[in-house]
Amino acid sequence: MENVRLSDIENVSRNELNSSKLDSLENGYDSFETQLNSRNNPIALDRSSWSYRIINGRHRVFLARQKGYSSIPAEFVKKLR
């Protein structure tokens, strides 16, 4: 995994996300920080465009922005077609 600036990742709006998933990330058994840094379920990005497209982890990216993070750990994957 590598640290990626949030400003390089596509924006996700709140209305595109599931409220219960956001609540689970903020109030679940594992802390948000633990979930953000998960090696078992990493945030996955596609770097084929100027703004990295989120493959996995939209809710975590959204919350990281809300919490003031400037970068997050992520993996880059090939675009799924």
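Placed above this text is the structure.
Criteria and thresholds
- Residues numbered from 1 in each chain as written.
- Predicted model: local features only at pLDDT ≥ 70, side-chain atom pairs only at ≥ 80, totals over all residues.
- Heavy atoms only, no water.
- Helix = DSSP H or I, 4+ residues; strand = E, 2+ residues; numbered from the N terminus.
- Rg over C-alpha atoms; globule rule 2.2 N^0.38 Å.
- Buried < 20%, exposed > 50% of the residue type's maximum accessible area, 1.4 Å probe, protein only.
- Contact = heavy atoms within 4.5 Å.
- Areas by Shrake-Rupley, 256 points an atom, 1.4 Å probe, with all protein chains shown as cover.
- Lys, Arg positive; Asp, Glu negative; His and termini not counted.
- Charge placed at Lys NZ, Arg CZ, Asp CG, Glu CD.

Let's talk about the overall build of the protein chain
Check the secondary structure of the protein chain and you find three helices and four strands. Its helices and strands taken in sequence order, the protein chain reads β-α-α-β-β-α-β from the N to the C terminus. Taken over the C-alpha trace, the protein chain has a radius of gyration of 12 Å; the compact-globule value for 81 residues is 12 Å, and the two agree within 12%. When its C-alpha atoms are laid out on the principal axes, the protein chain stretches across 35 × 25 × 25 Å. In the protein chain, which comprises 81 residues, the share counted as buried stands at 36%. The contacts in the protein chain between residues at least 6 apart in sequence include a share of 78% that link residues at least 24 apart. Counting only carbon and sulfur atoms, one obtains 42% of the accessible surface of the protein chain, whose full area is about 5,400 Å². The average position of the 13 basic charges and that of the 10 acidic charges among the side chains of the protein chain differ by 6 Å.

Considerations on the side chain of S38
Examined against the element boundaries, S38 turns out to sit in the loop between α2 (32-36) and β2 (44-46). We classify S38 as buried; its relative accessible area is 18%.

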